[in-house]
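Examination of the molecular architecture
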Amino acid sequence: MTGPADRPGIGRGIRPTAAPYRPARARRWGRFAAAALLGAAVLHGAGARGQDADRLPTDEQIEQAVVSVDVTRQPHDWYSPWQRRRTEGAGGSGFLIGPGLVLTNAHVVSDAKQILLRLNGDSAPYYAEVAHIAHDSDLALLRVADPKFGKGVLPLRLGDLPSLRTRVRTYGFPVGGDMISRTEGVVSRVQFITYAHTGADSHLAIQTDSAINPGNSGGPVTQRGLVVGVAFQSTPGLNDVGYFIPTPVINRFLRDIQDGRYDGYGELGLVTSGMVNPAYRGYLGLPDTLTGVTVDSVLPRASGDGLLHAGDVVTEIDGAKVANDGTIKYFGHAVSFEQLAEEKLIGERVTLRVWRDRKALELPVMLKHYPDSDRLRSRYDYLPPYFIYAGLVFMELSQSYLETFGNPWQNAPSALLLEHFYRNREQPEDKERRAVVLIRVLPHDVNTGYRRYANKVVATVNGVPIEGLRDVVQGFRDPVSRDFHRIEMAENGGTLILDKAAADRAHLEILLNYGIQEDRRLP
Amino acid sequence: MTRHLPKAFAWALALLAAQAAWASPGPESAGIVMLRITRQTFDPVYPWNKTVERRYLGNALVVEGDLLLTTADMVRGATQLTVRKFGQYPNYRAQVALIDHEVDLALLKVDDAAFWQGLHRIPISERPVEAGKFEIIRWRGNGRFQQGTGEIVDYRVTNSRLGAMEFAVLRGNTTMDSLGWSEGLTEQGQLIGLVTGANQREIQATSGQLLQLFVQAAQKSPFRGLAHRGFGWQPLNNASQRQFFGLAGMPFGVRVTRTYSGGTGAEQLEEGDILLRLGAYDIDPEGQINHPLYGPTLFTMAINDSLEPRLPAVVIRGGNRLNLTLPRTRFSEADYRIPPYSTEGAIDYEVFGGLVFQELSLDYLRSWGSQWEAQAPRRLLLELSLRMRREPDDPQQRVVIVSRVLPDPVNLGYDNVNYGMLLEVNGRSVTSLLELRRALRTPQGDYHLLRMMPGQGRQQLVFKVDQMPEANRRIRERYGIPEPLTSAADVW
């Protein structure tokens, strides 16, 4: 579930555990071959019901299935959105889950231009491509076309959610050496946490004291020969606190891609609080026999928007009782009730039992894509939309843009922070609006004096209210007068005027001067 | 005769002479005194408590009218002020005669006539020194007078530390350490500044011009002080802008973008006005004027160029040139949604159901310590940054927050509303503690319903009316909270 706005910055301090570039051990390249049908192959390898279901792999066989992942990546530049940044090297781990198929973390292969895999004990590098990537749950499936890859290696199979305090093993290629590393620890916690890759998505995760270091990302965590998770992040400054993505999240990813496309999570969009206060329960007339959580607000445009209301009490989800702290019993663990919605795919329904107006009712909620999630996440493998006119560079406000300030909370303008993190909650009536920011002014005579307006939100362009980047383009098509464009910044932030003829003349010159191929990439 | 003395004796005499010169301060030492402050403020987090008193040493300068000039920040919250001249016993009791947080200046009076004997004021120089060296004078805790030197960097128009007033601040470099305690800056025997802050080797000081204005303003009754700018503006330095607004060929004029709820021009200017001239100065398209003291500087300096009660202005409005007279006014407390300082000693608060309600203030945010701008609750910091001042006709007087939840059975489960902003109580909008108290008189049936700003934890809080008298009594007793200062006790 996307849960960023209620706790901005909650993921700070947790970092993905991909490693910086590690030199390749060998330079013998494989080559791409025809791709196989993915879904069936994955399930055959990943499921515990295959023909080898009863034969659990030995430690040696597990280690054979673990791969090191060397990546050359090139992220997009959100400050100069028409270009890419410099290439950089990164590394991580992964493991074979089917013929030619490797599971790893999304953050290991994000923005990848080249991916090279090496199986443990086999120095031959193999080219891989990203078959599917789920940034929201930090998982990716890689495909290697070369049939020699993994030949004779038993793909690993997925197990269940491990119990608390049981032992697990983590395999991977963390920094500090080229050989495979295996560490052991116990399951400390099973809970929802923010996945640091996007900084905005919360899912089930398992905390362990098994060492998870940079480079471990994407490696398998096993228990009794079955994979119970994918190592993915740790908390710097805390000793022996690592996290892995458990199999319910992995299984959901694999189910989602069966139709050949990853659709992501539906978002219930419920901001809830526990239901323990006796006065509150009395006010709502909630019988003592019922437990649940009260809905404080519903994220605009999320699946629950328009169906659930502030003050509703969610008492059950798909027949599971919701406790007063918002948890349900899930494989013996107390986890957030949202887990049952998490398992569903977009287009599927979840049934909530709700206490409203002193009556119980059932509300089927169809899960749908949450459009605001894209602006709230750190984005990867995505070309940032922008529009340039007369040296004025416009973008929709997004998490990735705020990250160009380094630490946004220290360096970004307050107005942008308020707009990004709070406005949709505090002013849900404006839920369709996506704030557009004048991010830069590329200096030229025609825009003299306008750099001071950089990083302000645009209110109107030639009288057209700006609710998205396309409105800016539309606004410039219809000048307020024959001779001038008029741009109003929000909050009485000032009025910018462009001489239309001069701006048109300068436009191309500015693009050439600043090495910009295209003046727009629209969403 | 000396030449007949033994060499050792001559050296000894020379050393004594040097010591005497070092121990006997120059004439400036009679114009500055040592200030001892005992400060105890109310605890912004537990506002019924006072913090542990702390003692500070600073300086104050002798000014006309047998008064001492220091910074407001030095003496705010002072429970005892004493001064000592020439770094020597005795101490004299001082009192705050006038404090102006907006300009961060205060005047102190000392009733004991003996104190003033031997002291004389250092003349204040209005004219800024554009470049070169200055002297820094101060008293140290060991009773020694200290003089050092520094170099002027520039004068910069900036906002006052606590309020929203704009004036020129002297910036300089020095090798002296531990500055920022109202030290005096002098140049050729004249006072050119009062140090208000220091960061390693950089210092900031209130300029002599402002010191002089403040001292002059203090002599007038009632004290009107310096004035605020009551409007927002934008430069018009783009040729297309000037053409569009009909200013082509005209070398002057900036644009008014908004007016505030108070301050100079708030009522006379209108959004969209082209401000051509303010006071005695034509305003260039970038908002600069040619000031006789500061040279090219921001036009807002014209607002406090003198203490005249009115300020002439020339604007273009709707294509017509208008001559306006702007009363020079300053913000009142009511013009702030978030007061940047407190003019009263005590902090008003309300405790209901274990929730401590306060009106958001800068003092509250500063209670997070020296790193408060990074560590205070983010949503509240944004509120301060963006909405400190009220808009004209803004119905919101203050921002009422839950500053603390004192755990009790009646607020079980409400612990996540810490630092949340209160919107409504019992269906009524709440924008002040007074409104909160009134709203609590009209519960909704058997319950009090409180609604918080969305996105900051629980949005609705419910309390049962018949439980509250006992619960409030219990909470006050358990947490040692005195009875409310207001007469609201009968509400519940």
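Residues numbered from 1 in each chain as written. Chains lettered and ligands numbered in written order. Predicted model: local features only at pLDDT ≥ 70, side-chain atom pairs only at ≥ 80, totals over all residues. Heavy atoms only, no water.

**Topic: the interface of chain A and chain B**
With 44 residues of chain A in contact, the opposing surface of chain B contributes 39 residues. Carbon and sulfur atoms make up 52% of the surface buried where chain A meets chain B, a total of about 3400 Å² over both sides. Connecting chain A to chain B are one salt bridge. Arg379 of chain B serves as the salt-bridge partner of Glu426 of chain A, at 2.7 Å between the closest nitrogen and oxygen. There are 20 residue pairs in polar contact (both at pLDDT 80 or more) connecting chain A and chain B. At the level of secondary structure, the elements contributing two or more residues to the side of chain A that touches chain B comprise strand S15 (270–274), helix H5 (278–284), strand S16 (293–298), helix H10 (414–421), helix H11 (423–426), strand S28 (484–489) and strand S29 (495–499) of chain A. Class assignment of the residues belonging to the side of chain A that touches chain B gives a composition of 20 nonpolar, 14 polar and 10 charged. (Contact = heavy atoms within 4.5 Å. Buried area = accessible area lost by both parts, 1.4 Å probe. Salt bridge = Lys/Arg side-chain N within 4 Å of Asp/Glu carboxyl O. Polar contact = N/O pair within 3.5 Å; in protein donor to acceptor, adjacent residues only side chain to side chain. Helix = DSSP H or I, 4+ residues; strand = E, 2+ residues; numbered from the N terminus. Nonpolar A, V, L, I, M, F, W, Y, C, P; charged D, E, K, R; others polar.)

**A few points about the packing of aromatic side chains**
For the coordinates displayed, the defined rule picks out 33 aromatic pairs over all chains. Centroid distance Trp82 of chain A to Tyr386 of chain A: 6.1 Å. Interplanar angle 65°. Geometry classified as edge-to-face. One end of the pair, Trp82 of chain A, is in the loop between strand S3 (66–73) and strand S4 (88–98); the other, Tyr386 of chain A, is in strand S23 (residues 386–389), and 304 residues separate them in sequence. Each member of the pair Trp82 of chain A and Tyr386 of chain A is classed as buried. Each ring, one from Tyr450 of chain A and one from Tyr453 of chain A, has its centre 6.0 Å from the other, and the planes form 70°; the classification is edge-to-face. Members of the aromatic cluster, each reached through a chain of ring pairs, are Phe387, Tyr389, Phe394 and Phe476 of chain A. Arg39 of chain B extends its terminal NZ or CZ atom over the ring of Tyr56 of chain B, reaching a point 4.8 Å from the ring centre. Of note, Arg389 of chain B hangs over the ring of Tyr260 of chain B, and the distance from its end group to the ring centre comes to 4.2 Å. (Phe/Tyr/Trp six-rings, centres within 6.5 Å; stacked < 30°, edge-to-face > 60°. Buried < 20%, exposed > 50% of the residue type's maximum accessible area, 1.4 Å probe, protein only. Lys NZ or Arg CZ within 6 Å of the ring centre and 35° of its normal.)

**Digging into helix H12 (residues 469–477) of chain A**
Residues of H12 of chain A that are buried: Leu469, Val472, Val473, Gly475 and Phe476 of chain A. The buried residues of H12 of chain A occupy one face: seen down the axis, they fall within an arc of 160°. (Arc of directions from axis to C-beta.)

**Concerning the domain arrangement of chain A**
Residues and elements named next belong to chain A. When the domains of chain A are assigned, the result is domain 1 (17–259), domain 2 (270–366) and domain 3 (385–521). Between domain 1 and domain 2, the residue contacts involve 13 residues of the former and 14 residues of the latter. Roughly 1100 Å² of surface becomes buried between domain 1 and domain 2 when both sides are summed, with 59% attributable to carbon and sulfur atoms. Remark: the boundary between domain 1 and domain 2 carries one salt bridge. Here Arg255 ties to Glu348 by a salt bridge, and the two come within 3.2 Å at their closest N and O atoms. (Domains from an automatic or database assignment.)

**Describing the packing of H10 of chain A against helix H8 (residues 378–387) of chain B**
At a minimum axis separation of 9 Å, H10 of chain A and H8 of chain B run at an interaxial angle of 130°. Between H10 of chain A and H8 of chain B, the crossing angle belongs to the class labelled oblique. Regarding H10 of chain A and H8 of chain B, the two cross each other, and that crossing is left-handed. Residues Ser414, Ala415, Leu417 and Leu418 of chain A of H10 of chain A pack against Arg379, Leu382, Ser385, Leu386 and Arg387 of chain B of H8 of chain B. A class-by-class count of the residues in the contact of H10 of chain A with H8 of chain B yields five nonpolar, two polar and two charged. (Axes fitted to C-alpha atoms, helices over the stretch in contact; angles between N-to-C directions. Parallel < 35°, antiparallel > 145°, perpendicular 65-115°, else oblique. Left-handed = near helix turned anticlockwise from the far one by under 90°.)

**Some remarks on the sheet that holds strand S25 (residues 422–425) of chain B**
Residues and elements named next belong to chain B. The strand order S26-S25-S27-S28 describes an open sheet built from four strands, whose pairing is antiparallel. The open sheet has two edge strands with one neighbour each: strand S26 (428–429) and strand S28 (460–464). Sheet topology places strand S27 (residues 447–452) next to S28; five bridges connect them, and they run antiparallel. Considered in S28, the bridge of Tyr447 is made with Lys464. (Pairing = 2+ DSSP bridges.)

**Looking at the side chain of Arg39 of chain B**
All names here are of chain B. Here Arg39 shows up in strand S1 (residues 32–39). Salt bridges are absent for the buried Arg39, whose nearest opposite-charge side chain, Asp73, sits at 5.2 Å. In this structure the side chain of Arg39 is engaged in a polar contact, spanning 3.0 Å, whose partner is the backbone oxygen of Met74. When neighbours within four sequence positions are excluded, Arg39 is seen to be in contact with Val52, Glu53, Arg54, Tyr56, Asp73, Met74, Val75, Arg76, Gly77, Ala78 and Thr79. (Lys, Arg positive; Asp, Glu negative; His and termini not counted.)

**Description of unusual backbone geometry**
Looking along the chain, the bond that leaves Tyr89 of chain B and enters Pro90 of chain B is cis, with omega of 5°. You can see Pro90 of chain B is positioned in the loop between strand S4 (78–84) and strand S5 (92–93). Along the chain, Ser221 of chain B connects to Pro222 of chain B via a cis peptide bond; the corresponding omega equals 0°. Structurally, Pro222 of chain B can be placed in the loop between helix H4 (208–218) and strand S14 (231–234). The phi dihedral of Asn462 of chain A is positive, around 50°, even though this residue is not glycine. Structurally, Asn462 of chain A can be placed in the loop between strand S26 (456–461) and strand S27 (464–465). In this model, Tyr419 of chain B sits at a positive phi of 70°, which is unusual for a non-glycine residue. Structurally, Tyr419 of chain B can be placed in the loop between strand S24 (400–405) and S25.

**Thoughts on the environment of Gly475 of chain A**
With respect to the element layout, Gly475 of chain A can be found in helix H12. Each C-alpha atom, one on Gly475 of chain A and one on Ile487 of chain A, is 9.0 Å from the other, the two residues being 12 residues apart in sequence.

**Examining H4 of chain B**
For H4 of chain B, the buried fraction is high: nine of the 11 residues fall into the buried class. Of all the residues in H4 of chain B, the buried ones are Gly208, Gln209, Leu210, Leu211, Gln212, Leu213, Phe214, Val215 and Ala217 of chain B.

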